[in-house]
Amino acid sequence: QVQLVESGGGLVQPGGSLRLSCAASGSNFSISGMGWYRQAPGKQRELVASTTSGGTTNYADSVKGRFTISRDGPKNTVNLQMNNLKPEDTAVYFCSAGVRATYSNSFRIYWGQGTQVTVSS
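In short, a report on the structure. (Residues numbered from 1 in each chain as written. Predicted model: local features only at pLDDT ≥ 70, side-chain atom pairs only at ≥ 80, totals over all residues. Heavy atoms only, no water.)

### Thoughts on a nonpolar patch on the surface
A surface patch of nonpolar side chains, about 300 Å² in accessible area, is lined by Phe 107, Ile 109 and Trp 111. Position of Ile 109 relative to the elements: it lies in strand β10 (residues 107-111). Overall, Ile 109 belongs to the partly exposed group, its relative accessible area being 47%. (Patch = residues over 30% accessible without salt bridge, like charges linked within 9 Å, V, L, I, M, F, W, Y side chains within 5 Å. Areas by Shrake-Rupley, 256 points an atom, 1.4 Å probe, with all protein chains shown as cover. Salt bridge = Lys/Arg side-chain N within 4 Å of Asp/Glu carboxyl O. Helix = DSSP H or I, 4+ residues; strand = E, 2+ residues; numbered from the N terminus. Buried < 20%, exposed > 50% of the residue type's maximum accessible area, 1.4 Å probe, protein only.)

Quick look at the structure:
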């Protein structure tokens, strides 16, 4: 099985920065794509940013120019660099990955446990 472990959340003042990381661990799997979602109280869970194995990226309009998704670390690690954070960025951030098992060729979507990002003065 595969486990997604997120790190980097916390409390930051408006205008500050945080870097979220998500590492996939396990064996006999491959990842087709990874993304970050967030959900704040009273709001739907929304896609923040995503990236494919080929490097194509997509961002929510609300974070364009401020957030950057990358896979420049370990092969099965995705990062989200968040700059110029705003109070409206406050949410639980979830890592998601499309995972295919090597032997069975089964596919499923895995989710991280979520990490809290709070932007407040």
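### Quick notes on the environment of Phe 67
Following the sequence through the fold, Phe 67 ends up in strand β7 (residues 67-70). Residues Phe 67 and Ile 31 lie 36 residues apart in sequence; the distance between their C-alpha atoms is 22 Å. Excluding anything up to four places from it in sequence, Phe 67 contacts Arg 38, Val 48, Tyr 59, Leu 80, Gln 81, Met 82, Asn 83, Leu 85, Asp 89 and Tyr 93. (Contact = heavy atoms within 4.5 Å.)

### Description of the sheet that holds β7
Two modes of strand pairing occur in sheets, parallel and antiparallel, and in both the strands are linked by backbone hydrogen bonds. With antiparallel pairing, four strands are arranged side by side in an open sheet as β1-β3-β8-β7. The open sheet has two edge strands with one neighbour each: β1 (3-7) and β7. Pairs of neighbouring strands in the sheet enclose a mean axial angle of 15 degrees, with direction left out of account. Two elements, β7 and strand β8 (residues 77-82), share four bridges in a ladder whose sense is antiparallel. (Pairing = 2+ DSSP bridges. Axes fitted to C-alpha atoms, helices over the stretch in contact; angles between N-to-C directions.)

### Re the pattern of salt bridges
Counted by the stated rule, this structure contains four salt bridges. The residue Glu 46 makes a salt bridge to Arg 38 at a minimum N-O spacing of 2.8 Å. For Arg 38, a relative accessible area of 6% puts it in the buried group. Between Asp 89 and Arg 66 there is a salt bridge; the shortest N-O distance is 2.8 Å. With Asp 89 in the loop between β8 and β9 (91-101) and Arg 66 in the loop between β6 (57-59) and β7, this residue pair connects regions lying 23 residues apart in the sequence. Beyond isolated ion pairs, a larger network of salt bridges with shared partners links Arg 38, Glu 46, Arg 66 and Asp 89.

### Regarding the pairing of strand β3 (residues 18-25)
Going residue by residue along β3, you find Leu 18, Leu 20, Cys 22 and Ala 24 tucked away on one face and Arg 19, Ser 21, Ala 23 and Ser 25 left uncovered on the opposite face. Sheet analysis places β3 next to β8, joined by six bridges and oriented antiparallel. Looking across to β8, one finds that Leu 18 is bridged to Met 82.

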